[in-house]
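# Inside the fold
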Amino acid sequence: MTLDAGDDAPDVTAQNQHGETVSPSFEAPTVVYFYPRDDTPGCTIEAKQFNAELESYRDAGATVYGVSTDDVDSHDAFADKFDLEFDLLADSDGEIADSFDVEIENDFTQRTTFVLADGEVQAVYPGVDPDGHAREVLQEMLDDELVVLD
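Residues numbered from 1 in each chain as written. Predicted model: local features only at pLDDT ≥ 70, side-chain atom pairs only at ≥ 80, totals over all residues. Heavy atoms only, no water.

### Observations regarding the overall build of the protein chain
Regarding its fold elements, the protein chain presents 5 helices and 9 strands. Along the protein chain, helices (α) and strands (β) appear in the sequence β-β-β-α-α-β-α-β-α-β-β-β-β-α when read from the amino end. By the compact-globule yardstick of 15 Å for 150 residues, the protein chain fits well, its C-alpha radius of gyration being 14 Å. In terms of overall dimensions, the protein chain has a C-alpha envelope of 35 × 30 × 30 Å along the principal axes. Scored against the burial criterion, the 150 residues of the protein chain give a buried share of 49%. Taking contacts inside the protein chain between residues at least 6 apart in sequence as the whole, the part at least 24 apart equals 68%. Accessible surface computed for the protein chain: about 7400 Å², of which carbon and sulfur atoms make up 40%. (Helix = DSSP H or I, 4+ residues; strand = E, 2+ residues; numbered from the N terminus. Rg over C-alpha atoms; globule rule 2.2 N^0.38 Å. Buried < 20%, exposed > 50% of the residue type's maximum accessible area, 1.4 Å probe, protein only. Contact = heavy atoms within 4.5 Å. Areas by Shrake-Rupley, 256 points an atom, 1.4 Å probe, with all protein chains shown as cover.)

See the structure below:
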């Protein structure tokens, strides 16, 4: 069972695709989306669409993180191939997935997205359809007034 709206945001630390250590605070509006594997069809669609919406997320004061069990090198190649401008967090040991109670099957995280703000989970999207998801999440964040576009 994943974390649910109202639950405290977990403390997580991981390396991004550049090998930099990242520790999101989850105080400001943040999207954390878990995806199964770098450079696969659905994951590529989802990543490219979050990247396409990234300026709108940033204009609204929100940060986006992608998380999978792939390692830093895989994330680096994936981000470079598609010019992804947001952090992909390497969760090779499954600690981040465990912190969010996201299931891992056969080394693949289940496709699940979390919206966090004010140190807690605001919304959870399990079983995500990657196509159109980035825009859907942004729109719901705007509708719920978690973010406001400048």
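The structure having been displayed, the exposition proceeds.
### A word on the environment of Thr-69
On the secondary structure map, Thr-69 appears in the loop between strand 4 (63-68) and helix 3 (72-82). Here Thr-69 falls in the buried class, since its relative accessible area comes to 11%. It is 23 Å that separates the C-alpha atoms of Thr-69 and Ala-52, two residues lying 17 residues apart in sequence. Polar side-chain contacts of Thr-69 include one of 3.5 Å to the side chain of Arg-37. (Polar contact = N/O pair within 3.5 Å; in protein donor to acceptor, adjacent residues only side chain to side chain.)

### Focus on the pairing of strand 8 (residues 112-117)
Where burial is concerned, most of strand 8 is hidden: 6 out of the 6 residues are buried. What you see with strand 8 is no split at all: Thr-112, Phe-114 and Leu-116 on one side and Thr-113, Val-115 and Ala-117 on the other are buried throughout. One ladder, built from 5 bridges, connects strand 3 (residues 30-34) with strand 8; its direction is antiparallel. From the neighbouring strand, Val-31 faces strand 8, where its bridge partner is Val-115. The antiparallel pairing of strand 8 with strand 9 (residues 120-126) creates a hairpin that spans 2 residues between the two strands, and Asp-118 there sits at a positive phi of about 55 degrees. (Pairing = 2+ DSSP bridges.)

### Examining the sheet that holds strand 8
Taken together, 5 strands build an open sheet; the order of strands is 5-4-3-8-9 and the sheet is mixed. The outermost strands of the open sheet, each flanked by one partner alone, are strand 5 (87-90) and strand 9. Strand-to-strand twist in this sheet, taken as the mean axis angle between neighbours without regard to direction, amounts to 20 degrees. Here strand 3 pairs with strand 4 via 5 bridges, running parallel. Residue pairing in the sheet places Val-31 in a bridge with Val-64 of strand 4. Its contacts with the sheet place helix 1 (residues 41-52) against strand 3, strand 4 and strand 8, and it is angled at close to 165 degrees to strand 3. Helix 3 contacts strand 4 and strand 5 of the sheet and is inclined by roughly 160 degrees relative to strand 5. (Axes fitted to C-alpha atoms, helices over the stretch in contact; angles between N-to-C directions.)

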